[in-house]
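Single-letter residue listing:
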Amino acid sequence: MKIKTEQISFPFLNDKQIHLSIKRLDKTHKYISGNKWFKLKYNLLEAKRQKARTILTFGGAFSNHIAATAFLGKKEGFNTIGIIRGEEYNPLNPTLSFAKKQGMKLNYINRYNYKLKNTDNYLDELKNEFENIYLIPEGGTNRLAIKGTAEIINDNDQHDYVCCAVGTGGTIAGIINSSHENQKILGFPIINGHNILQKEIEKFTNKNCWKLINKYHCGGYAKLSDKLINTINTFYEMFQIPLDGIYTGKMVLGVLDLIKKDYFPKGSTILLIHTGGIQGNIGLNKRFGLKLPTS
Ligand SMILES: *Cc1c(COP(=O)(O)O)cnc(C)c1O
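All of the points below concern the structure found in this document. (Residues numbered from 1 in each chain as written. Predicted model: local features only at pLDDT ≥ 70, side-chain atom pairs only at ≥ 80, totals over all residues. Heavy atoms only, no water.)

## Some points on the sheet that holds strand E9 (residues 210-212)
Okay, so step 1: One open sheet holds the 6 strands; their spatial order is E1-E2-E10-E7-E8-E9, and the pairing between them is mixed. Either end of the sheet is taken by a strand with one partner, and the two such strands are strand E1 (5-8) and E9. Averaged over all neighbouring strand pairs, the angle between strand axes comes to 25 degrees, with direction disregarded.
Okay, so step 2: Strand direction decides the pairing type here: strand E7 (residues 161-166) and strand E8 (residues 184-189), joined by 6 bridges, are parallel. Its bridge partner being in E8, Val162 is matched across the sheet by Ile185.
Okay, so step 3: This element, helix H8 (residues 170-177), spans E7, E8, E9 and strand E10 (269-274) of the sheet and lies at about 175 degrees to E8. (Pairing = 2+ DSSP bridges. Helix = DSSP H or I, 4+ residues; strand = E, 2+ residues; numbered from the N terminus. Axes fitted to C-alpha atoms, helices over the stretch in contact; angles between N-to-C directions. Contact = heavy atoms within 4.5 Å.)

Rendered as structure tokens:
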């Protein structure tokens, strides 16, 4: 897949002598954030190889992974089941209503049981309850996902720094694995769970050219700050590039702040990975009465 990279030309970047660009994975499809497509690619091939009929996965009510699995699962001829954290709210929010329209069966479980979801017992129970299923963990992160996310950057991406938002760590792990010598990969966690994430990512890579920067999560998952909202709106006004409030907005907020603080040496080239997630803004706008861009 050919993915476009665009230059970002804030005037202050000239003074700082920083070359900034953004790789638009978000352009692939409105409801499948770019990185989720990469994460599902080899998992769906494996599900076919195993002759599975149904894909079962997990997520929160605003999960881009749930939306992507519902859409791609249907496209590839699978039944899909989404185990959703929390209670059912009617009407369904835009993410879940989209998933349901794709034919995904939604099962709600309470937060306590949701925490048990990765235990063997619970997974065995699910396998007994549903026939011929292929399980994908929350956020879609497993070995095959990382084989897919390793394809996000390639030989054309020779920037000194590559930056991305970090949820479960699968996306950055793939990017780290395919990074070049001398390239540095910076991850911006969107939750306050730095230490756990560090270990998660180390499971999938033995390189050490990367770092997590934990200062820009704005208080946690789907928590927004005024600075974050401003960054997203400014970015949209100046470049017509939509950022989402949960992931990419926080990464861009962080990178711009680090540039202002001279974190990067003069002359650096920086590549932002736009991992998509714009469908999430529809829900955030409803919930907080905002006008974040939705396309
Ligand atoms: C899921 C997601 C991420 C995080 O990906 P992980 O592999 O879980 O770290 C980043 N950006 C967007 C838009 C996402 O939907």
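## Describing the side chain of Thr57
Okay, so step 1: Tracing the sequence through the fold places Thr57 in strand E3 (residues 54-59).
Okay, so step 2: A polar atom in the side chain of Thr57 sits 2.8 Å from the side chain of His65.
Okay, so step 3: A distance of 3.3 Å separates a polar atom in the side chain of Thr57 from the backbone oxygen of Pro137.
Okay, so step 4: The contacts of Thr57, once residues within four sequence positions are left out, are His65, Ile66, Thr69, Ile81, Gly82, Ile83, Ile136 and Pro137. (Polar contact = N/O pair within 3.5 Å; in protein donor to acceptor, adjacent residues only side chain to side chain.)

## Considerations on the packing of aromatic side chains
Okay, so step 1: A complete count under the given rule lists 9 aromatic pairs for this structure.
Okay, so step 2: Note on Phe10 and Phe235: the rings are 6.1 Å apart at their centroids and 55 degrees apart in plane angle, and the pair reads as tilted. Separated by 225 residues along the polypeptide, Phe10 in the loop between E1 and helix H1 (11-16) and Phe235 in helix H10 (residues 226-239) bring together distant segments of the chain.
Okay, so step 3: Through a chain of ring-to-ring contacts, three or more aromatic side chains come together here, namely Phe10, Phe12, Phe235 and Phe239.
Okay, so step 4: Positioned above the aromatic ring of Tyr42, the side-chain terminus of Lys147 is 4.3 Å from the ring centre.
Okay, so step 5: Lying across the ring of Phe12, Lys260 places its NZ or CZ 5.1 Å from the centre. (Phe/Tyr/Trp six-rings, centres within 6.5 Å; stacked < 30°, edge-to-face > 60°. Lys NZ or Arg CZ within 6 Å of the ring centre and 35° of its normal.)

## Topic: the pattern of salt bridges
Okay, so step 1: Counted according to the given criterion, the structure contains 11 salt bridges.
Okay, so step 2: Lys203 is paired through a salt bridge with Glu200; the nearest N and O atoms lie 2.7 Å apart. Placement of the pair is Lys203 and Glu200 together in helix H9 (residues 194-204), with a separation of 3 residues, close to one helical turn.
Okay, so step 3: For Lys203, a relative accessible area of 52% gives the class exposed.
Okay, so step 4: Overlapping salt bridges, with partners in common, bring together Lys4, Glu6, Arg24 and Asp26 in one network. (Salt bridge = Lys/Arg side-chain N within 4 Å of Asp/Glu carboxyl O. Buried < 20%, exposed > 50% of the residue type's maximum accessible area, 1.4 Å probe, protein only.)

## Things to note about the state of the cysteines
Okay, so step 1: Tallied over the full model, the rule gives 0 disulfides.
Okay, so step 2: Lacking any disulfide linkage, Cys163 is separated from the closest cysteine sulfur, that of Cys164, by 7.9 Å.
Okay, so step 3: We classify Cys163 as buried; its relative accessible area is 0%. (Disulfide = S-S within 2.5 Å.)

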